[in-house]
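# Results of the structural survey
One-letter residues, chain by chain:
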Amino acid sequence: MPVTDVRRKTQLFAVLSVLSNVAGNSALTHGMQALGDVGNSPIDLIAALFHPWVALGVFMLVVWTFAHMALLSWADLSYVMPVTAIGYVVTAFAGRFFLGETVSPTRWAGIVFITVGVFLVGGTHPVSEKKPDGGQ
Amino acid sequence: MKWLLVALCVSSTVIGDVFRSLGMRHHGEISDFRPGALGGALSAIARNWMVIVSTCAMAVSFFSFMKLVSIAPMSFAVPVSAITFIPETFLARYLLKEAVDWRRWTGIGLILVGVVLISQ
């Protein structure tokens, strides 16, 4: 069942990449904060991996690594890198809705800048070799 | 120490992303997502030296970022680590020979400004 629609699978893997990265970093941060100071020895760090939140975070970051690698097997780095920056916006919204953090006007402005930038890059074709004019 | 970690984090991220892109491009497009085909692709990727270099660089990036946020606020660490967008775009254009048109340059510029604002 080969998937050949480049734009569709790029969107799918970009969403997977962003969500797994945000979820992975959030779970890892939550777990490390719950553990407190884990020390610097390798045994302490390995023991921290068995904390449920840290384990979930590492698992999600492994998913992110594979999704990111798959994306780069067909899409440009100069496309993938900015488009997945929407993760900054997702993180801000997750903080707003799940943690009740306030979003200042400056941060809202940042959200607008990033969103416009992502849509601008997202409007180009993901693969420059096939559509050097941007594909529009 | 702070700026040394920034330099380490930024350079390892750039090396990691560029080598990951080179390695995956060398491997070829992944288009078959059945478990058997994915296992075969994974086995080939794990033996690709460019992907190995990328993974090592990403590990350095991950630990240097963790160390950076332990000694500096996130409002500093997040925007400063977004500096990677600039060298990566230049390398994508001139090393990876990607077609970086005005929309990509402008979009990356807007995202950089946005990352600085959102981290305040």
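One can find the structure itself at the top, above this paragraph.
This text gives an overview of the structure that appears in the document.

What counts and what doesn't
Residues numbered from 1 in each chain as written. Chains lettered and ligands numbered in written order. Predicted model: local features only at pLDDT ≥ 70, side-chain atom pairs only at ≥ 80, totals over all residues. Heavy atoms only, no water. Patch = residues over 30% accessible without salt bridge, like charges linked within 9 Å, V, L, I, M, F, W, Y side chains within 5 Å. Areas by Shrake-Rupley, 256 points an atom, 1.4 Å probe, with all protein chains shown as cover. Salt bridge = Lys/Arg side-chain N within 4 Å of Asp/Glu carboxyl O. Helix = DSSP H or I, 4+ residues; strand = E, 2+ residues; numbered from the N terminus. Expected span 1.5 Å × (residues − 1). Contact = heavy atoms within 4.5 Å. Buried area = accessible area lost by both parts, 1.4 Å probe.

### Quick look at a nonpolar patch on the surface
A contiguous nonpolar surface patch, about 650 Å² in accessible area, is contributed by Ile46, Leu49, Phe50, Val58, Val62 and Phe66 of chain A together with Leu42 of chain B. Residue contributions to the nonpolar patch peak at three residues, all from helix α3 (residues 52-72) of chain A. Along the polypeptide, Ile46 of chain A turns up in helix α2 (residues 42-48).

### Observations concerning helix α1 (residues 6-35) of chain A
Counted at 1.5 Å a residue, the expected span for α1 of chain A with its 30 residues is 44 Å, and the 42 Å between its end C-alpha atoms agrees. Count one or two residues on from α1 of chain A and you reach Gly36 of chain A, which has phi positive near 75°.

### Here we look at the interface of chain B and chain A
Each side of the interface is counted separately: chain B has 43 residues, and chain A has 51 residues. Summed over both partners, the interface of chain B with chain A comes to about 3800 Å²; 70% of that surface belongs to carbon and sulfur atoms. Summed over the three residues of chain B that lose the most area to chain A, namely Arg103, Arg104 and Ile118 of chain B, the buried surface amounts to 20% of that side. Where chain B packs against chain A, one counts two salt bridges.

Worth remembering: the numbers are spatial, not functional.
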